[in-house]
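Structure assessment
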Amino acid sequence: MIKLTYDVVIVGTGAAGLFAALSLNEKKQILMISKDSVENSDSYLAQGGISTLKDPTDYKAYFEDTMRAGHYENKEESVKIMIEDSPQMIEDLIQYGVEFDRNDKGELSFTREAAHSTFRILHHEDLTGKEITSKLIDRVREKKNISMKPYTTMIDLISKQNRCHGIIVEKRNGERQVVFAKQVVLATGGLGGLFKHSTNFSHITGDSFALALKHRIVLEHMNYIQIHPTTLYTQERGRSFLISESVRGEGAVLLNKNHRRFVNELLPRDTVANAIQMEMERLGTDYVYLSMRSMEKKKIQARFPNIYKRCLEEGYDLASDLVPVTPAQHYVMGGIQTNVNGETSMVGLYAVGETACNGVHGANRLASNSLLESLVFAKRTAYQIEKDRSDFDTEEFEPEVLDTMSKEERELVFKKMILEEIRRKDEGFYVKWCNDEN
């Protein structure tokens, strides 16, 4: 079996993994792997934008907005760090070539999303995630010390006495490789691919969570799964098309089948999603309507070109039609428990982005905090890795015997492990939404 050795292995090529790689010393040899193509991360799909602290006077309100949305289950230290570091993250992104929308004066243009008390979200049309992730990918590809391998799946961790020594991967042709590393960073995203209706890519199936269960790495709040209120209704299977919360932040309203408003559209996501579910059950429908008739067509096309185009492809003109929408699984606030430096309960193993649970989001994520949280704590994780001087001799270390399961068998086992963990924690609200399995 082929054996490879790197200083750091990063599993995942979304915003968190990419930013961690760029924040590491260029003397380190880094391997990044992606289960699918490098671009196909959920970060790439993010529409609305990235939150930031506009000025010091906004700190108290931003902190409160985040805590309120998270039902005050957030870890205050994590929230404080995220908000205070946000201006520097925006500067870093601009230095990496990210272009945010600006007004006629050339100033950064801010929008608002549900549960934000003010306009503090930067955006690039309605494709902010694509803009950020693509520019970070470009910068990573310029680095001679970073290798990226797409269509390469992590199938196990290499560990001994609760110390991570690398990972075992499987390539698209079935070939397996042992990859030793001084540090491993898990940035594999969430678990939406496990469920019938999700905004996530189908290949994002919570592999890191299953391996954490296998290796007894501490998980936290796996039942805290967020449902996005508005995805374009369809009877087709596959990834649900998300209609950004910023659409409602800029004036769109929700209507029931009788064309009547039934909820304050700017309440936190879980509250709006639950209100939609209750209204659908009350009236016996599978969707409600989203109306943007209060906004001029030219403004819709300029501000939300991608959403407008996609809805038009499905036969709906956002400027004049009522668009059927329904909730879908979107994000997991829980995950592998970490401190504010990305450290997990296994030495040498780190987690960042949606894979990690550092307590920022509490029980419910505030809109547009995910990209920011990913960047802030990815950078802190990189700094922590720089402090780790431990080493090991790969010549004297042999990983445990590999499993002989096929890809399909392994996916079923991982899925069962994760869903059992979710149900074990909570048979209530979150499972109600996510129990519609493949």
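These numbers come from a predicted model, not from an experiment.

**A word on the domain arrangement of the chain**
- For the chain, the assigned domains read domain 1 (3-224 + 333-432) and domain 2 (230-327).
- In this structure, domain 1 and domain 2 have C-alpha centres spaced 28 Å apart.
- Of the residues contributing to the side of domain 1 that touches domain 2, the split by class is eight nonpolar, eleven polar and seven charged.

**Topic: the packing of helix α3 (residues 59-69) against helix α4 (residues 76-95)**
- Between α3 and α4, the least distance of the axes is 10 Å, while the angle of their chain directions is 135 degrees. On the basis of their axis angle, the class for α3 and α4 is oblique. Between α3 and α4 lies a crossing of right-handed hand. Of α4, the residues touching α3 (which contributes Tyr59, Tyr62, Phe63, Thr66 and Met67) are Glu76, Val79, Lys80, Met82, Ile83 and Glu84.
- Of the residues that constitute the contact of α3 with α4, the class distribution is seven nonpolar, one polar and three charged.

**Regarding the UniProt feature "domain: FAD-dependent oxidoreductase 2 FAD-binding" (unreviewed entry) in the chain**
- Here, the residues flagged by UniProt with the feature "domain: FAD-dependent oxidoreductase 2 FAD-binding" (unreviewed entry) are residues 7-371.
- When the span residues 7-371 is considered, its composition is 29% helix and 23% strand, and the gap between its end C-alpha atoms is 26 Å.

**Focus: the sheet that holds strand β3 (residues 50-51)**
- If you trace the three strands from one edge of the open sheet to the other, you get β3-β5-β4, paired in antiparallel fashion. The two strands at the open ends of the sheet, each matched to only one other strand, are β3 and β4 (110-111).
- Sheet topology places β4 next to strand β5 (residues 121-122); two bridges connect them, and they run antiparallel. Looking at β5, one finds that Thr111 is bridged to Ile121.

**Considerations on the packing of helix α1 (residues 15-23) against helix α5 (residues 128-141)**
- Two numbers describe how α1 lies on α5: the axes approach to 10 Å, and their chain directions differ by 35 degrees. The interaxial crossing formed by α1 with α5 has left-handed handedness. On α5, the residues that touch Ala15, Leu18, Phe19 and Leu22 of α1 are Thr133, Leu136, Ile137, Arg139 and Val140.

**Comments concerning the nonpolar core**
- Counting residues in hydrophobic clusters, the biggest one holds 50 residues, and the most contacted among them are Ile10, Ile50 and Leu93.
- Among the elements of the structure, β1 (2-11), α1, β2 (30-33), α3, α4, α5 and α11 (369-387) are those that each provide at least two residues to this core.
- In terms of residue count, α11 provides more of this core than any other element does, eight residues in total.
- What Ile50 contacts, discounting residues up to four positions off in sequence, is Ile90, Leu93, Phe100, Arg120, Ile121, Leu122, Thr128, Ile132, Ser368, Leu371, Leu372 and Leu375.
- Formed by 35 residues, the second largest nonpolar core is a distinct cluster that contains Tyr6, Met154, Ile225 and Leu419.

**Points about helix α10 (residues 305-313)**
- Of all the residues in α10, the buried ones are Ile307, Tyr308 and Cys311. End-on, the buried residues of α10 take up no more than an arc of 100 degrees, which puts them together on one face. With respect to the buried face of α10, the exposed residues turned more than 90 degrees away are Lys309 and Glu313.
- Packed against the buried residues of α10 are β11 (225-232), α7 (245-249), α9 (297-303) and β14 (323-332).
- Just beyond α10, the residue with positive phi is Gly315, at close to 95 degrees.

Calculation notes
- Residues numbered from 1 in each chain as written.
- Predicted model: local features only at pLDDT ≥ 70, side-chain atom pairs only at ≥ 80, totals over all residues.
- Heavy atoms only, no water.
- Domains from an automatic or database assignment.
- Nonpolar A, V, L, I, M, F, W, Y, C, P; charged D, E, K, R; others polar.
- Axes fitted to C-alpha atoms, helices over the stretch in contact; angles between N-to-C directions.
- Helix = DSSP H or I, 4+ residues; strand = E, 2+ residues; numbered from the N terminus.
- Parallel < 35°, antiparallel > 145°, perpendicular 65-115°, else oblique.
- Left-handed = near helix turned anticlockwise from the far one by under 90°.
- Contact = heavy atoms within 4.5 Å.
- UniProt positions renumbered as here; feature names shortened; annotations may be inferred.
- Pairing = 2+ DSSP bridges.
- Core = buried A, V, L, I, M, F, W, Y, C linked by side-chain atoms within 4.5 Å.
- Buried < 20%, exposed > 50% of the residue type's maximum accessible area, 1.4 Å probe, protein only.
- Arc of directions from axis to C-beta.

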